[in-house]
Amino acid sequence: MRSKKKAAVSFIPLILLLTIVPLIVRLYTFDTNLSQYDWYTTLEKDQDWFLYYKSVAIIALSAIMCVVLAFRYKTKQKQFKLCYEFIPLGIYAALTVLSSIFSEYRYFSFHGVTQIFESLWVLLGYCVMAFYAYQVIRTMDDIDYLMDWLTVGLAVMLLIGVLQASGHDFFGTDIGKMLITGGTQDPDTVSLVFEKGRVFLTVYNPNYVASYFALMIPVEVALFIRNKKLAYRVVYAVMLAASLVCLLASGNRSGVVAFAATLVLTLVMLFRQICKAWKFVLPAVAVAGVIIAVFISRNNMIIEKFVRLFEAADVAQDAISEIVTGEEDVAFTYLGQTFHVSYVLDENGYISVKMVDGGGQEIVNTLDSETSTYIAQDERFPGLAVQVVRLAEEIAIDVKMDGRDWYFRQAEGGYYYYNAYGRWDKINNAPRVAVNFLEKKFEERGTIWSKTIPMLKNCILFGSGADTYTVTYPQDDYVDKTYDGTVTAIDAKPHCFYLQVATQSGIPALIALLAFYGWYFVTGFRIYRKAAYQDGMEVVGAGLLLATFTYMVISFLNDSTVAVAPIFWIMMGIGIAINEILKKKYDIGTGKKKEKAGK
């Protein structure tokens, strides 16, 4: 049997990942390496506060875990556990490696990209965490030890969150700014704060607050049940109330949707136990209801978001649906009609503009010589005018259409568009799917999904490589971005974990990942639906199953992030270890207990 001292040492990497790593907030200034793309600003430098150093810590701790695993295998091969459930995870890891090696954008796969920093090494680190947690968990004492540290990390996070919810963000204070910058910047120049009262913790974005509490709240409930002492139950009850406040104050709808799905699963899996524990369940539901009612009475942010979701107006058809920057001219599709614009610069420096319709017939126009503007006289194209201008020291034309100015010039390769960053680029008219459904019901996410789904046709075997979504998504779809009012926005993530995996690691990798979780979920569901819940291992195991399920549901609307994902993967490893122990103790088919499963 292992000594407690040796066990504690082996848990150090997991403890750091569960407690310290999520709290890391530190200024990092770096070269994005994105200025090579014309759809990005020419500025080389960017700053990160929440993600880069978390990713560094994840890679370092994952490397340490690899060394420990190799040492354990060499010295304690008989005790080294192997599990078929990890085969799909190994396949996912291998396909992610191959996708990154064959990627056209290997730099980002191996170094990470701004706003994400989930490089290949981080993704492989997640796999290592799950296997390492599975490997070191042997007894209920091991589980309790990790859960105690998880509680410590959660307590610190809740303190930060409750302060943010009350309008007293620690990172908005001079002390907080000094700590995260190391005193290298004037506190007055640092601004990390969302709107007052909005909770973002240390996870970069309020969206990820929902992902964090998707994992924490079910485990908190399990630990409340697991610990019989009144003092412990009071602590976990207070933490649950604080967690609910922080979740609501994040303003995230996805968390509400995910917990609704988890509630259904809980009722199906634990209906008998819930009925038996009605004396605890009813007061808990009442308290949660009061918290929600009080919060909504003072802040109806979530209600407003749901109203917008279900009362969204029909997507209006953009007047200009397409602009093609071709070799010979620029083609516009306006109100269903096509016209072409081009210009010729003769040897005397005189510029003549030509406008023709889709049939090649010249559009009648008049020239305003004072402004060098050609004004179309055609009712099919109301408001169309073309002005000769000098832009960025270049001769160009300004096509005035639908109340907007569209600037173009000729160069090698044809016509180019002048974008919001002052760079000349070709326009990409990105294919979109289910526009009326996605972009109506899911707002900004729907727009991103409608353009991401067509990208899957290039991911049948491999994806574009780890952390390459930013450079493969059609950032140069300038027509759509102009009408959306997002001309300077960079979509760095698909806002869906499953699309994130499919586009970057490939569709087979996504299937392998779903098989990994599905295997764990089905095994766990069979165990915990029949379990008697007479010991702590069953209670914590059920809590982990519900936690990871909630995370997987919320992942339809959120991406993977270095701020939260390590906790999910460690919980997966612990959950598989617990399931394996309980499978040996129980006849899953009948639910008859063979022997004690834990304390």
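Reading guide: rules and limits
Residues numbered from 1 in each chain as written. Predicted model: local features only at pLDDT ≥ 70, side-chain atom pairs only at ≥ 80, totals over all residues. Heavy atoms only, no water. Pairing = 2+ DSSP bridges. Helix = DSSP H or I, 4+ residues; strand = E, 2+ residues; numbered from the N terminus. Axes fitted to C-alpha atoms, helices over the stretch in contact; angles between N-to-C directions. Buried < 20%, exposed > 50% of the residue type's maximum accessible area, 1.4 Å probe, protein only. Phe/Tyr/Trp six-rings, centres within 6.5 Å; stacked < 30°, edge-to-face > 60°. Lys NZ or Arg CZ within 6 Å of the ring centre and 35° of its normal.

Caption draft 1: Just the sheet that holds strand E10 (residues 394–401), in detail. In space, the seven strands of this open sheet follow the order E7-E8-E9-E10-E11-E12-E13, with antiparallel pairing throughout. Every interior strand has two partners, whereas the edge strands, strand E7 (365–368) and strand E13 (424–425), have only one. When strand E12 (residues 414–418) meets E13, the two strands line up antiparallel, connected through two bridges. Paired with Tyr-418 across the bridge in E13 is Trp-424.

Caption draft 2: Structural detail: the sheet that holds strand E4 (residues 330–334). Overall, antiparallel pairing links the four strands, which are arranged E3-E4-E5-E6 in an open sheet. Two strands bound the open sheet, and with one partner strand each, they are strand E3 (320–325) and strand E6 (351–357). Going across the sheet, the axis of each strand differs from the next one's by a mean of 15 degrees, ignoring polarity. One ladder, built from five bridges, connects E4 with strand E5 (residues 337–345); its direction is antiparallel. Residue pairing for E5: Thr-333 is matched across the bridge by Thr-338.

Caption draft 3: A look at the pairing of strand E9 (residues 385–391). Counting buried residues in E9 gives five out of seven residues, a clear majority hidden from the surface. Across three bridges, the pairing between strand E8 (residues 373–376) and E9 is antiparallel. Within E9, the position partnered with Ile-375 by the bridge is Ala-385. As defined by bridge partners, E9 adjoins E10 across seven bridges and the pair is classed as antiparallel. Looking at E10, one finds that Val-388 is bridged to Ile-397. Hairpin remark: E9 followed by E10, antiparallel, with two residues in the connecting loop; positive phi at Ala-392, about 50 degrees.

Caption draft 4: Up close: the packing of aromatic side chains. Going through the model one piece at a time under the given rule, you end up with 45 aromatic pairs. Consider the rings of Phe-30 and Phe-117, whose centres lie 5.4 Å apart with planes at 75 degrees: the pair is edge-to-face. Of this pair, Phe-30 sits in strand E1 (residues 28–31) while Phe-117 sits in the loop between helix H4 (106–111) and helix H5 (120–136), placing them 87 residues apart in sequence. Cluster of aromatic residues (ring-pair linked, three or more members): Tyr-73, Phe-80, Phe-86, Tyr-126, Phe-131, Tyr-134, Phe-516, Tyr-551, Phe-568 and Trp-569. Above the ring of Phe-224, the side-chain terminus of Arg-233 is found at 5.1 Å from the ring centroid.

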